[in-house]
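# Structural description and commentary
Given next are the chains, with one letter for each unit.
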Protein chains: 2
Amino acid sequence: METEISSLGEFGLINRLTENLPKLNDSTLTAVGDDAAVMSYGNNREVLVSTDMLLEGVHFDLTYVPLKHLGYKAAVVNFSDIYAMNGTPRQLVVGLGISKRFTVEHLEALYAGLRLACEVYGVDLVGGDTTSSRSGLVIAATVIGDAEKGTVVHRSGAKPTDLICVSGDLGAAYMGLQVLEREKAASAGEKDFTPDFAGKEYLVERQLKPEARKDIIAALREAGILPTSMIDVSDGLSSELIHLCKASNTGCRVYEDRIPIDYQTAVMAEELNMNLVTAAMNGGEDYELLFTVPLTAHEAVSKLKGVRVIGHMSPTEQGYALIGRNGEEIPLKAQGFTHI
Amino acid sequence: METEISSLGEFGLINRLTENLPKLNDSTLTAVGDDAAVMSYGNNREVLVSTDMLLEGVHFDLTYVPLKHLGYKAAVVNFSDIYAMNGTPRQLVVGLGISKRFTVEHLEALYAGLRLACEVYGVDLVGGDTTSSRSGLVIAATVIGDAEKGTVVHRSGAKPTDLICVSGDLGAAYMGLQVLEREKAASAGEKDFTPDFAGKEYLVERQLKPEARKDIIAALREAGILPTSMIDVSDGLSSELIHLCKASNTGCRVYEDRIPIDYQTAVMAEELNMNLVTAAMNGGEDYELLFTVPLTAHEAVSKLKGVRVIGHMSPTEQGYALIGRNGEEIPLKAQGFTHI
């Protein structure tokens, strides 16, 4: 009667654990199934909450991740979840599990990153819990945000004709991880090793110091565009597209030649003899925003800097498809639990 | 230039990491330095947030802690932080780090405990993050609560003449841990070992299935008593008393013969040849409420079932004192980081 977690996958597991949860409080609006839960504590604001856990040896390797960057990233990946609901992050609480090898200076470096991220994104660090850990460093961050009433964007609002848009470019953070792993392997046993990131600076930065797309949320607002559904790209475009489709009860068609990919990502894929599109579709950790808008918003969204229309939603029965450069249809597959 | 964390202690470390944090949002009212941060998202409600992290091998031992109990406890210790601010817990988000040895059934047992606690305390489980862990089980829970405007109780409001009150009894959860550790040692290498908890049931229950004092908050409200300061007893009475005194800028005098101790706790202390008062003052994990009320509330608070007046605040220069049975003055010492 023992069921292995891998037989369900991350999302199957979450569905199983959270099915039929009751709603006991009026202040709870929507719960599991979005980037953040939505609550109501006032007349004109809705309150958002989201949590993320980062574990040493799973999500980061301190051999090449500076603690300040790690703190920055731990905060930013949480902020990204609030932006993905069209909200503004306001407060952050951080739980830390630390093992004996860490000194006060290490933690100050980590906090310097947390503080910097909070400053850059206008968020208050309001609390936390610090405890010892028997194994590695554990960072659990929870962010509280808000949004004007009626402006929260869920995963579930897309219509079958909506346009699918994505910000920035994809696959670079994943390639940055490959660069870092390669240099780590090259440095093994060598003293005074200097890693070579020449021509890969953008990739390494995307991995070590991701940013949340506050600017895109602001640009959408300024352009008067309210997305019909939205999610941040943390597990890879394929997986996030399927989340939007499942929640919205639609299919999707995205076009390979529309997927935004940086030049450095393409060069690195070639060096590693990797399929570039696979890396961009499944790489993860991009923290870009994936969203849908009505067809009528086509002109407005096309004018936005840093946003590209990559396809459109479709009726459910058409499934989830990537259309290749020669018009061939490639079914999308969910990933998730990339860290197991 | 490396400073060991132990040289600062838990609270010194937190102070150092969180000093001079800016306040960037109007919705942030008070941050670090209480059981929960306080925010304002509406006209008549204040919003509270608190987080706690539990790590395998540090906070719990799965040899004798059933997963359902662990889930229950992980939720309840968070709820306790909200009650300690005179608030009501409303929503819970849970981050889980799980290693490969866990099956779906294990996680269902853990969630059954989380769900039960949420049901008992009227809280909605609204989200989370599930990831893999290289080492043991990690549980990071964050709770959101609320309170009517103007009713939040901080650590900092006590006056030097206020009465010090505590709910329930102290030291039992710590003694429960001793019972469990003793039976674990006795079982080493033995097959089909049946632990002997006879006469220790209360202690074991206090350790494995603590409750948050929702009932005391309700009783105080019904009696029209608004505490001047409050904290929950998670690290031991001594440590929490000092927190209240430091935040309120007072001293304190508590009386040994007023410390509430259960009969089973006393018997176990004798069996282990341990100092009973030390166990009650420093044991931790009681999750009782420690609070102060004005002298004028003496009669009202004395009538409350399950609450005892154990002493009074005093001017700062009188320090933090436990008055022994023979009138001797014993200085209180902060503990904290009991898990390191």
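Our subject is the structure that appears above.
I will try to describe carefully the structure that is included in this document. Quantities reported herein were computed from a predicted structural model and do not represent experimental measurements.

Analysis parameters
Residues numbered from 1 in each chain as written. Chains lettered and ligands numbered in written order. Predicted model: local features only at pLDDT ≥ 70, side-chain atom pairs only at ≥ 80, totals over all residues. Heavy atoms only, no water. Least-squares fit on C-alpha atoms with pLDDT ≥ 70 in both. Contact = heavy atoms within 4.5 Å. Pairing = 2+ DSSP bridges. Helix = DSSP H or I, 4+ residues; strand = E, 2+ residues; numbered from the N terminus. Axes fitted to C-alpha atoms, helices over the stretch in contact; angles between N-to-C directions. Salt bridge = Lys/Arg side-chain N within 4 Å of Asp/Glu carboxyl O. Polar contact = N/O pair within 3.5 Å; in protein donor to acceptor, adjacent residues only side chain to side chain. Nonpolar A, V, L, I, M, F, W, Y, C, P; charged D, E, K, R; others polar. Buried < 20%, exposed > 50% of the residue type's maximum accessible area, 1.4 Å probe, protein only. Parallel < 35°, antiparallel > 145°, perpendicular 65-115°, else oblique. Left-handed = near helix turned anticlockwise from the far one by under 90°. Disulfide = S-S within 2.5 Å. 1 Å grid on protein atoms, 1.4 Å probe; cavity = no way out; pocket = protein on both sides within 12 Å on 5 of 7 lines; lining within 4 Å. Points joined across faces, edges and corners; volume = space filled by probe spheres on them. Phe/Tyr/Trp six-rings, centres within 6.5 Å; stacked < 30°, edge-to-face > 60°. Lys NZ or Arg CZ within 6 Å of the ring centre and 35° of its normal.

Note on the identical chains: chain B maps onto chain A by a rotation of 180 degrees and an axial translation of 0.0 Å, with an RMSD of 0.0 Å. Within this description, the copies of the chain are treated as partners about a two-fold rotation axis. Across chain B, the smallest distance between a C-alpha and the rotation axis is recorded for Gly42(B), namely 1.8 Å. Here 100% of the interface residues in chain B have copies in chain A that are interface residues too; the copies meet face to matching face.

Here we take up the sheet that holds strand β13 (residues 329-331) of chain A. All names here are of chain A. With respect to topology, seven strands assemble into an open sheet ordered β8-β10-β7-β11-β9-β12-β13, the strand pairing being mixed. Strands with a single pairing partner mark the edges of an open sheet, and in this sheet they are β8 (229-232) and β13. Sheet twist, expressed as the mean angle between neighbouring strand axes with direction ignored, is 25 degrees. Looking at chain direction, strand β9 (residues 251-255) and strand β12 (residues 320-323) are connected through four bridges and run parallel. Residue Cys252 lies in a different strand from β12, and its bridge partner there is Tyr320.

Listed per partner, the contact involves 81 residues of chain B and 81 residues of chain A. Taken together, the links from chain B to chain A amount to two salt bridges. One can count 25 residue pairs in polar contact (both at pLDDT 80 or more) joining chain B with chain A. Elements with a minimum of two residues in the side of chain B that touches chain A: α1 (9-18), β2 (37-39), β3 (45-55), β4 (88-98), α3 (104-121), β5 (124-132) and β6 (138-148) of chain B. Tallied by class, the residues present in the side of chain B that touches chain A amount to 36 nonpolar, 27 polar and 18 charged.

What follows deals with unusual backbone geometry. Notably, Asn86(A) is not glycine yet its phi reads approximately 70 degrees, a positive angle. Along the chain, Asn86(A) falls in the loop between α2 (67-83) and β4 (88-98). On the basis of relative accessible area, Asn86(A) is assigned to the buried category, the value being 7%. Notably, Asn249(B) is not glycine yet its phi reads approximately 60 degrees, a positive angle. Note on placement: Asn249(B) falls in the loop between α7 (237-248) and β9 (251-255). The exposure class of Asn249(B) is exposed, given its relative accessible area of 54%.

It is worth spelling out the packing of helix α3 (residues 104-121) of chain A against α1(B) at this point. Between α3(A) and α1(B), whose axes approach to 10 Å, the crossing angle comes to 40 degrees. The orientation of α3(A) with respect to α1(B), classified from their angle, is oblique. Like other packed secondary-structure pairs, α3(A) and α1(B) cross with a definite hand, here right-handed. From α3(A), Val104(A), Glu105(A), Leu107(A), Glu108(A), Tyr111(A) and Arg115(A) reach across to α1(B), where they touch Leu13(B), Arg16(B), Leu17(B) and Thr18(B). Split by residue class, the contact of α3(A) with α1(B) holds five nonpolar, one polar and four charged.

All names here are of chain A. Counting across every chain of the model gives zero disulfides over all chains. You can see Cys165 has no disulfide; the closest cysteine sulfur is in Cys252, sitting 13 Å from it. Using a relative accessible area of 0% as the deciding quantity, one classes Cys165 as buried.

Residues and elements named next belong to chain B. The strand order β1-β2-β3-β6-β4-β5 describes an open sheet built from six strands, whose pairing is mixed. The open sheet is flanked by β1 (28-30) and β5, the only strands paired with a single partner. Going across the sheet, the axis of each strand differs from the next one's by a mean of 25 degrees, ignoring polarity. Both β1 and β2 contribute to a ladder of two bridges, which runs antiparallel. Looking at β2, one finds that Thr28 is bridged to Met39.

The next point concerns the environment of Tyr263(A). Residue and element names in this part refer to chain A. Within the fold, Tyr263 resides in helix α8 (residues 263-271). For Tyr263, a relative accessible area of 66% puts it in the exposed group. Each C-alpha atom, one on Tyr263 and one on Asp169, is 9.9 Å from the other, the two residues being 94 residues apart in sequence.

Computed from the structure, the second largest pocket encloses a volume of approximately 1,200 Å³. Glu10(A), Phe11(A), Ile14(A), Arg155(A) and Asp129(B) are the residues nearest the centre of the second largest pocket, which is lined by 48 residues in total. Among the elements of the structure, α1 (9-18), β3 (45-55), α2, β8 and α7 (237-248) of chain A together with β5 of chain B are those that each provide at least two residues to the lining of the second largest pocket. In terms of residue count, the dominant contributor to the lining of the second largest pocket is β5(B) (seven residues). Of the residues assigned to the lining of the second largest pocket, the class counts are 20 nonpolar, 15 polar and 13 charged.

This part takes up the environment of Asp129(B). Relative to the assigned elements, Asp129(B) resides in strand β5. Between the C-alpha atoms of Asp129(B) and Lys184(B), which are 55 residues apart in sequence, the distance is 32 Å. Engagement of the side chain of Asp129(B) in a polar contact is seen with the backbone nitrogen of Met53(A), the distance being 2.8 Å.

Residue and element names in this part refer to chain B. At a minimum axis separation of 8 Å, helix α5 (residues 201-208) and helix α8 (residues 263-271) run at an interaxial angle of 100 degrees. Relative to α8, α5 is oriented roughly perpendicular. In this structure, α5 uses Glu201, Tyr202 and Leu203 to contact α8, whose residues at the interface are Gln264, Thr265 and Met268.

So, about the pairing of strand β6 (residues 138-148) of chain A. Residues and elements named next belong to chain A. Burial analysis of β6 places 10 of its 11 residues in the buried class, which makes it a mostly covered element. Note that β3 and β6 share 11 bridges and pair antiparallel. Note that in β6 the partner of Thr51 across the bridge is Thr142. In this sheet, β6 lies alongside β4 in antiparallel orientation, the contact comprising nine bridges. When the sheet's bridge partners are listed, Gly95 is paired in β6 with Ala140.

What follows concerns the pairing of strand β12 (residues 320-323) of chain B. Successive side chains on a regular strand alternate, one facing one side of the sheet and the next facing the other. All names here are of chain B. In the sheet, β12 pairs with strand β13 (residues 329-331) via three bridges, with the strands oriented antiparallel. Bridge pairing links Ile323 to Glu329 in β13. The turn joining β12 and β13, which pair antiparallel and follow one another in sequence, is formed by five residues; a positive phi near 85 degrees is taken by Gly327.

A separate point is the packing of aromatic side chains. Using the criterion set out here, one finds four aromatic pairs over all chains in the structure. With a centroid separation of 5.5 Å and an interplanar angle of 55 degrees, the aromatic rings of Phe79(B) and Tyr121(B) are classed as tilted. Placement of the pair is Phe79(B) in helix α2 (residues 67-83) and Tyr121(B) in helix α3, with a sequence separation of 42 residues. Here Phe79(B) falls in the buried class, since its relative accessible area comes to 0%. Under the relative-accessibility criterion, Tyr121(B) is labelled buried at 6%. Relative to Tyr121(B), the ring of Tyr83(B) has its centre 6.2 Å away and its plane inclined at 50 degrees; by these criteria the two rings are tilted. Taken as a pair, Tyr83(B) in helix α2 and Tyr121(B) in helix α3 lie far apart in primary sequence, 38 residues in all. Of the two residues, Tyr83(B) and Tyr121(B), both sit in the buried class. Grouping aromatic residues by their ring pairs yields a cluster made of Phe79(A), Tyr83(A) and Tyr121(A). When the ring centre of Tyr72(A) is taken as origin, the NZ or CZ atom of Lys209(A), which lies over that ring, is 4.4 Å away.

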